[in-house]
Amino acid sequence: QVQFVESGGGSVHEGGSLRLSCAASESIFGIGDLSWYRRAPGKERELVASISRTGITNYLVSVEGRFTIYRDNAKNMVHLQMNSLKPEDTALYYCNRLSSIRSWGQGTQVTVSS
């Protein structure tokens, strides 16, 4: 069973940037599509961005143009560059496969203050 470990979260002021990283326990090329999800307090978990094994990306409308998802297949890692952060981006961020999700990792907290 593949495991994911997220890191890179923190507290920043509005307009700041963070780079989240996710390490997978096995080949991410073999896993296929990978994604970043987030869950804000009192809200449902939502898909933020996804990337295929060949680099095709999709983004939540509210983050498009501000966030960039990219993968490093050689290191079995996927990253999320987050720029122009807004308070509404505050959430616990998780990485996972796009589909057939079996479990969730610990996540990494992102807090954006106004």
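Relevant structure appears above.
All values reported here derive from a predicted model rather than from experimental measurement.

Conventions used here
- Residues numbered from 1 in each chain as written.
- Predicted model: local features only at pLDDT ≥ 70, side-chain atom pairs only at ≥ 80, totals over all residues.
- Heavy atoms only, no water.
- Helix = DSSP H or I, 4+ residues; strand = E, 2+ residues; numbered from the N terminus.
- Buried < 20%, exposed > 50% of the residue type's maximum accessible area, 1.4 Å probe, protein only.
- Phe/Tyr/Trp six-rings, centres within 6.5 Å; stacked < 30°, edge-to-face > 60°.
- Lys NZ or Arg CZ within 6 Å of the ring centre and 35° of its normal.
- Contact = heavy atoms within 4.5 Å.
- Pairing = 2+ DSSP bridges.
- Axes fitted to C-alpha atoms, helices over the stretch in contact; angles between N-to-C directions.

A. The arrangement of unusual backbone geometry in detail. One non-glycine residue, asparagine 76, lies in positive phi territory at about 55°. Among the structural elements, asparagine 76 can be located in the loop between β7 (67-72) and β8 (77-82). Even without being glycine, serine 100 reaches a positive phi, approximately 55°. Among the structural elements, serine 100 can be located in the loop between β9 (91-97) and β10 (108-113). Relative accessible area serves as the criterion here: at 52%, serine 100 is assigned to the exposed category.

B. Summary view of the packing of aromatic side chains. Inspection of the entire model under this criterion finds 2 aromatic pairs. Taking the centre distance of 5.0 Å and the plane angle of 90° together, the rings of tyrosine 37 and tryptophan 104 count as edge-to-face. Of this pair, tyrosine 37 sits in strand β4 (residues 34-39) while tryptophan 104 sits in the loop between β9 and β10; the two residues are 67 residues apart in sequence, bridging distant segments of the chain. Tyrosine 37 gets classed as buried once you look at its relative accessible area, which sits at 8%. Ring geometry for tyrosine 94 and tryptophan 104: centres 5.6 Å apart, planes at 70°, overall edge-to-face. Pair noted here: tyrosine 94 is in strand β9 and tryptophan 104 is in the loop between β9 and β10, with a separation of 10 residues, a long-range link. Each member of the aromatic cluster is reached from another via a ring pair, and the members are Tyr37, Tyr94 and Trp104. Positioned above the aromatic ring of tryptophan 104, the side-chain terminus of arginine 45 is 3.8 Å from the ring centre. For the cation-ring pair, arginine 53 lies above phenylalanine 29, with the distance from its terminal atom to the ring centre recorded as 5.1 Å.

C. Local environment of the environment of leucine 47. Assignment of secondary structure puts leucine 47 in strand β5 (residues 46-51). The spatial distance from the C-alpha of leucine 47 to the C-alpha of leucine 98 is 8.8 Å, given a sequence separation of 51 residues. Once residues lying within four places of it in the same chain are set aside, the contact partners of leucine 47 are Ser35, Trp36, Tyr37, Leu60 and Leu98.

D. Up close: the sheet that holds strand β1 (residues 4-7). Read across the open sheet, the 4 strands follow the order β1-β3-β8-β7; overall the sheet is antiparallel. Each end of this open sheet is capped by a strand with a single partner; those strands are β1 and β7. Going across the sheet, the axis of each strand differs from the next one's by a mean of 15°, ignoring polarity. Direction of pairing for β1 relative to strand β3 (residues 18-24): antiparallel, over a ladder of 4 bridges. Counterpart to valine 5 in the pairing with β3 is alanine 23.

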